[in-house]
Amino acid sequence: MSAVKTGGAGRLVAQQRGRPADALFRFATAACASIVLILLAGMLIRTTIAAWPAFRHEGIGLVTSNNWNPNTNSFGGLSFIYGTLVISVIALILGVPTSILIALYVSEVAPPRLGTPLGWVIDLLAAVPSVVYGLWGVFVLVPFLTNDVWTPLSKSGFPLFSPLASGRDFATAGVILALMIIPIISAICREVFRTVPADERESALALGSTRWEMIKLAVLPRSRPGIIAAVMLGFGRAVGETIAVAYLIGGVPNKITDDLFSQGSSIAANIALQFNEAASLPLFKAALIGLGVVLFIMTLIINVTARAIIHRRGQAA
Amino acid sequence: MVGAMIFAVLLAVVPLCLILADVIAKGIHGLSVSFLTQPEPFVATLTGGGFGAGVRGTIKMVALGTIVSVPIGVLAAVYLSEYQPRGVLATTVRFFSEVMTGIPSIFVGIFVFTVVVLETHSFSSWAGGLALGILMLPVIVRTSEEALRLVPETLREASLALGVRRWRTIMSVILPTALPGITTGALLAVARAAGETAPLLLTAFGNTLLVPWTSWNAPEASLTLQIFTDSRSPFPAQQARAWTGALVLIAGVLILSLVARAVISRRAGLGRR
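Residues numbered from 1 in each chain as written. Chains lettered and ligands numbered in written order. Predicted model: local features only at pLDDT ≥ 70, side-chain atom pairs only at ≥ 80, totals over all residues.

Considerations on the overall build of chain B
Next up, step 1: Assigned secondary structure in chain B consists of 11 helices and zero strands.
Next up, step 2: Referenced to the eigenvectors of the C-alpha coordinate spread, the extents of chain B come out at roughly 70 × 60 × 35 Å.
Next up, step 3: Taken across its 273 residues, chain B has 58% of its residues classed as buried.
Next up, step 4: In chain B, of all internal contacts separated by at least 6 residues, the share reaching a separation of at least 24 is 77%. (Helix = DSSP H or I, 4+ residues; strand = E, 2+ residues; numbered from the N terminus. Buried ≥ 20, exposed ≤ 12 C-beta atoms within 10 Å, placed from the backbone. Contact = placed C-beta atoms within 7 Å.)

Here is the structure:
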């Protein structure tokens, strides 16, 4: 019996000689790895069970009916789904072009001596806790936006902006979310741009392209799947953000309106804001947990799709 | 076009600078040792006192989260990188631990609420710590696996050629070599956990009183929960404490992130320890 054999990945592996320690250790690591999967499945099952009274009471109305009134045991949460999507879309509209331009500047245009530290600084935005975004948003961003941006916009007569700007509304929540997803999207875009082969850039430049034409011809087309995945991960983050939105969206249920200066609420923010009230009311509590399950499934779909795109490209991100 | 790019960079950098400047400007005058150790005054609208309860709660719960998630996460990463890197289990776990980093933290709070708080009929520090541990786990798995993959193949072969058992090789050769990378990942996870509010709202709940270090069954504050509560108060004394709390939190989180970077940049001597 030889002392070593070649393992699956071409590695040299010691021959198993029936010593229990090796098998036990391997089993322990496999068990720990499985915990990730067990946790995810357990989370879905346990919360669904806890939310079951609400699903039975409201049925599909939990997500299709726009009537959220705990006093009458009406738990139609459509307005929260609407609010979540509206603020996330605002965040993407503001955040995606900004993130791509930042990533292009950092990885393609700026000299490395400037680009590398700039990348770190942008990454710091991701390290700021969301409660600080919320605090800063309420005391600094809201007064600024209300006085200097929203009021002039509301006087412009543009249909999406009503004359009354309270400052805690869909638009403000969208702005803070944009700030929070910029570091995520731009970091992944930077990685994606880095994987574009040098010879493709060089051939574009050799054909007489300017730097911008080279970006348009070589960098962006090759990076499209990666950019889409980055945008989806940013979208997932925006959909799930709780505290900063709870501060800034107003927290008013049942608002489905095309007025971006209206107060409203999102799924996550509503769970955070109403959980205390629901403590002694079983059906209310189950309905909030049910909203959580809806949120979980939304973000699960978004994240699985984004990761699948990244893996198909064989990139690490 | 370069002009638009620079404008985009400013759109991100200027708010970051403003956030840091505002937190420092509005928080610095409340900063003192007693802010870090004393609870809020009995009448919360008075000035004085501090977020001692929250500082202690954050340290306790993040520590519990670390103790729960680091061993499990590192062992899981060992399986992913050392045993069957291309196997079905490893591929699935790797994929879903990436997916898990994108799960909203409030949902993890809901899960721990249904499993712990509903069963024990009480909000508690250990429920909060458990929620933080679940949030840290996928981060630890991913960063530890990356660190383990950077260990040179020659080290594994040398150890195995000397007749050292596989588990001994992992414990005394591979893991020590990967330690700086694993530490970086753990520090980043700790920084992330310390900044979490939403999951703690449903598990630790919050408390204005100091909970003893050894007591884990009562509702407990965290720095983030105290910032959240006090900043929504109309009283200036509470708002001021919220800003100082934000300064403490952001300083802690940024220092952890910088230390994590410093650890990883010293990894140049890898394999020559």
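Some points on the confidence of the model for chain A
Next up, step 1: Per-residue confidence for chain A gives a mean pLDDT of 90; residues scoring 70 or more make up 92%.
Next up, step 2: The weakest mean pLDDT in chain A belongs to strand β1 (residues 4-6) of chain A at 52; the strongest belongs to helix α9 (residues 243-248) of chain A at 97. (pLDDT = per-residue confidence, 0-100.)

With respect to the interface of chain A and chain B
Next up, step 1: Each side of the interface is counted separately: chain A has 69 residues, and chain B has 75 residues.
Next up, step 2: Counting residues per element, the side of chain A that touches chain B draws most heavily on helix α1 (residues 20-58) of chain A, which supplies 18 residues.
Next up, step 3: Per-class residue counts for the side of chain A that touches chain B are 51 nonpolar, 11 polar and seven charged. (Nonpolar A, V, L, I, M, F, W, Y, C, P; charged D, E, K, R; others polar.)

Considerations on the environment of A33 of chain A
Next up, step 1: If you trace the backbone, A33 of chain A turns up in helix α1.
Next up, step 2: Other than its neighbours up to four places away in sequence, A33 of chain A contacts A76, Y79, L80, L89, A90 and V93 of chain B.

So, the nonpolar core
Next up, step 1: Ranked by internal contacts, the top residues of the largest apolar core, which has 192 residues, are V132 and A272 of chain A together with A76 of chain B.
Next up, step 2: With 18 residues, the single largest contributor to this core is helix α6 (residues 170-194) of chain A.
Next up, step 3: Here V132 of chain A is in contact with I19, V23, A246, L249 and I250 of chain B, once residues within four sequence places are set aside. (Core = buried A, V, L, I, M, F, W, Y, C linked by C-beta atoms within 7 Å.)

A short note on the environment of L62 of chain A
Residue and element names in this part refer to chain A.
Next up, step 1: Looking at where L62 falls in the secondary structure, it is placed in helix α2 (residues 61-64).
Next up, step 2: Of the residues examined, L62 has 23 C-beta atoms within 10 Å and is grouped as buried.
Next up, step 3: C-alpha separation for the pair L62 and S74, spaced 12 residues apart in sequence, amounts to 8.9 Å.
Next up, step 4: Once residues lying within four places of it in the same chain are set aside, the contact partners of L62 are A54, F55, F75, G76, G77, A287 and G290.

Topic: the environment of F95 of chain B
Next up, step 1: By the element assignment, F95 of chain B lies in helix α4 (residues 88-100).
Next up, step 2: Taking the C-alpha atoms as reference points, F95 of chain B and L46 of chain B, 49 residues apart in sequence, are found 51 Å from one another.

Quick notes on the packing of helix α7 (residues 198-206) of chain A against helix α8 (residues 211-240) of chain A
Residues and elements named next belong to chain A.
Next up, step 1: Following both chains from N to C, one finds α7 and α8 inclined at 155°, their axes separated by 9 Å at the closest point. By the angle between their axes, α7 is roughly antiparallel relative to α8. Seen from above, α7 lies across α8 with right-handed handedness. Contacts from E200, R201, A204 and L205 in α7 reach E213, M214, L217, A218 and R222 in α8.
Next up, step 2: For the contact of α7 with α8, a count of residues per class yields five nonpolar, no polar and four charged. (Axes fitted to C-alpha atoms, helices over the stretch in contact; angles between N-to-C directions. Parallel < 35°, antiparallel > 145°, perpendicular 65-115°, else oblique. Left-handed = near helix turned anticlockwise from the far one by under 90°.)

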